[in-house]
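Structure at a glance
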Amino acid sequence: MIENVTEVTTSNLLNEVAAKLPQGFRFVTISCTDLGEAHDLIYHFDQDYTLYNLRLLLPKGQELPSISRIYLAAVIIENEIKDLFGIPVTGLVIDYEGRFLLSENAPLAPLNKPAAALEQAEKEAPAND
């Protein structure tokens, strides 16, 4: 279980991130997981060896606002997320248009769950009674 988690939305993400900078928080990384209908993004920040996290549940098809204007180091992971999950990221300070990590022959958004795999997993999931 992740501790120190604050739930955010796309409308308040930038304000929450911007509030961390003058408090001395260091940006660590962003974790992203494909949940099927949405992506679960967790923004990790460090202060005095304690992690603080912002959690954003982003429905598929929605754009992700970049935090790279606040924390420049985020530009690398946001470009990776764009490549690996196919999430459109807006406002990137440095946008590696096209492919950043992947070769031209690689599948698009390889870390997204294929629709067929999601349907099969839902069929196999035990019923919650």
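I will try to describe carefully the structure that is included in this document. (Residues numbered from 1 in each chain as written. Predicted model: local features only at pLDDT ≥ 70, side-chain atom pairs only at ≥ 80, totals over all residues. Heavy atoms only, no water.)

With that settled, the discussion passes to the overall build of the protein. For the protein, the helix and strand inventory stands at three helices and six strands. If you list the helices and strands of the protein from N to C, you get β-α-β-β-β-β-α-β-α. Burial statistics for the protein: of 129 residues in total, 36% are counted as buried. Restricting the contact set of the protein to residue pairs at least 6 apart, pairs at least 24 apart contribute 49%. Only carbon and sulfur atoms are counted for the fraction: they give 53% of the accessible area of the protein, which is about 8,000 Å². (Helix = DSSP H or I, 4+ residues; strand = E, 2+ residues; numbered from the N terminus. Buried < 20%, exposed > 50% of the residue type's maximum accessible area, 1.4 Å probe, protein only. Contact = heavy atoms within 4.5 Å. Areas by Shrake-Rupley, 256 points an atom, 1.4 Å probe, with all protein chains shown as cover.)

With that settled, the discussion passes to helix 2 (residues 74-85). Counting along an α-helix, one turn takes 3.6 residues, and residues three or four places apart therefore face a common direction. With 12 residues, helix 2 extends 16 Å from end C-alpha to end C-alpha; this agrees with the ideal 16 Å at 1.5 Å per step. Within helix 2, 10 of the 12 residues are buried, which leaves the element mostly enclosed by the surrounding structure. Turning to helix 2, its buried residues are Ala74, Val75, Ile77, Glu78, Asn79, Ile81, Lys82, Asp83, Leu84 and Phe85. Close packing links the buried residues of helix 2 with strand 2 (26-34), strand 3 (38-47), strand 5 (64-65) and strand 6 (89-90). Of the residues flanking the end of helix 2, it is Gly86, one or two places downstream, whose phi is positive at about 75°. (Expected span 1.5 Å × (residues − 1).)

Another aspect to go through is the side chain of Lys20. Within the secondary structure layout, Lys20 lies in helix 1 (residues 13-20). We note that Lys20 is buried and unpaired, the nearest opposite charge coming from Glu16 at a distance of 5.6 Å. (Lys, Arg positive; Asp, Glu negative; His and termini not counted. Salt bridge = Lys/Arg side-chain N within 4 Å of Asp/Glu carboxyl O.)

A few words on the nonpolar core. Counting residues in each nonpolar core, the largest one holds 27 residues, and the members touching the most others are Leu41, Tyr43 and Leu64. Take this core: its biggest share by element is six residues, from helix 2. In this structure Tyr43 touches Leu13, Thr29, Ile30, Tyr52, Asn53, Leu54, Leu56, Leu64, Pro65 and Ile67, once residues within four positions along its chain are discounted. (Core = buried A, V, L, I, M, F, W, Y, C linked by side-chain atoms within 4.5 Å.)

With nine of 10 residues buried, strand 3 lies mostly within the body of the structure. Note that strand 2 and strand 3 share eight bridges and pair antiparallel. The partner of Cys32 across the bridge, within strand 3, is Leu41. Hairpin remark: strand 2 followed by strand 3, antiparallel, with three residues in the connecting loop; positive phi at Gly36, about 105°. The turn linking strand 3 back onto strand 4 (residues 50-59) is made up of two residues, and Asp48 within it adopts a positive phi angle of 55°. (Pairing = 2+ DSSP bridges.)

Let us now look at the pattern of salt bridges. For the structure on display, the rule yields five salt bridges. A salt bridge links Arg26 to Asp46, with the shortest nitrogen-to-oxygen separation between them at 3.7 Å. With a gap of 20 residues between them, Arg26 in strand 2 and Asp46 in strand 3 connect regions that are remote in the sequence. Exposure remark for Asp46: the relative accessible area of 14% places this residue in the buried category. Note that Lys60 is salt-bridged to Asp34, the shortest N-O span being 3.0 Å. Of the two residues, Lys60 sits in the loop between strand 4 and strand 5 while Asp34 sits in strand 2, which places them 26 residues apart along the sequence. Relative accessible area serves as the criterion here: at 31%, Lys60 is assigned to the partly exposed category. Looking at Asp34, the relative accessible area reads 3%, which means it is buried.

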